[in-house]
Amino acid sequence: MEKEEQKETEKQPLRVDNFLLWVFDTLAEKGWAYLGLVPHPESQKMEEDLGQVKLVIPLLEKIFELVKEQVPFQRRIQMETMITNIQLNFVKKQEARKS
């Protein structure tokens, strides 16, 4: 019985695909924050920096391309929607600056 309990409490190595999903979520959160649409998690302050968002978008796209075949359909839709929404808001913010 003791060996069974030990097996259950042993830590398993973090899979790379799961790590990339965590990175995706973290980058998406930073993207929203740098769009100035939500407070930054670290400071709880609103700050807009579209240059940072411009870095986030291709990273999200690349991570999605790498993991899309390994995630459930619903997660795939969620990721695609997140990328699209960040892209659309980025364009809106850029257009607003031009006006």
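Residues numbered from 1 in each chain as written. Predicted model: local features only at pLDDT ≥ 70, side-chain atom pairs only at ≥ 80, totals over all residues. Heavy atoms only, no water.

### As for the pattern of salt bridges
In a structure, side chains of opposite charge can pair up when their charged atoms sit close to one another.
Next, step 1: Tallied over the full model, the rule gives 7 salt bridges.
Next, step 2: Where D25 meets R75, a salt bridge forms, and the shortest distance between an N and an O atom there is 3.0 Å. Taken as a pair, D25 in helix α2 (residues 16–34) and R75 in helix α4 (residues 73–98) lie far apart in primary sequence, 50 residues in all.
Next, step 3: A residue is classified by how much of its surface remains accessible, and D25, at 38% relative accessible area, is partly exposed.
Next, step 4: For R75, a relative accessible area of 16% corresponds to the buried category.
Next, step 5: When the shortest N-O distance is used, the salt bridge between K93 and E48 registers 3.1 Å. Here K93 is found in helix α4, whereas its partner E48 is found in the loop between α2 and α3 (50–67), with 45 residues between them in sequence.
Next, step 6: Beyond isolated ion pairs, a larger network of salt bridges with shared partners links E48, K93 and R97. (Salt bridge = Lys/Arg side-chain N within 4 Å of Asp/Glu carboxyl O. Helix = DSSP H or I, 4+ residues; strand = E, 2+ residues; numbered from the N terminus. Buried < 20%, exposed > 50% of the residue type's maximum accessible area, 1.4 Å probe, protein only.)

### Comments concerning a nonpolar patch on the surface
Next, step 1: Judged by side-chain polarity, L14, F19 and W22 come together as a nonpolar surface patch covering roughly 360 Å² of accessible area.
Next, step 2: Relative to the helices and strands, W22 resides in helix α2. (Patch = residues over 30% accessible without salt bridge, like charges linked within 9 Å, V, L, I, M, F, W, Y side chains within 5 Å. Areas by Shrake-Rupley, 256 points an atom, 1.4 Å probe, with all protein chains shown as cover.)

### Some thoughts on α4
Next, step 1: With 26 residues, α4 ought to run about 38 Å at 1.5 Å a step, and its terminal C-alpha atoms sit 38 Å apart, in line with that.
Next, step 2: All of the buried residues in α4 are R75, M79, I83, I86 and F90.
Next, step 3: Lining the buried residues of α4 we find α2 and α3. (Expected span 1.5 Å × (residues − 1). Contact = heavy atoms within 4.5 Å.)

### Comments concerning α2
Helical periodicity: at 3.6 residues per turn, an α-helix aligns residues three or four positions apart in one direction.
Next, step 1: Its 19 residues give α2 an end-to-end C-alpha distance of 26 Å, which sits within 8% of 27 Å, the value for a rise of 1.5 Å per residue.
Next, step 2: All of the buried residues along α2 are D17, L21, F24, L27, A28, K30, G31, A33 and Y34.
Next, step 3: At the C-terminal side of α2, G36 shows a positive phi close to 80°.

None of the figures reported here should be taken as evidence of function without further support.
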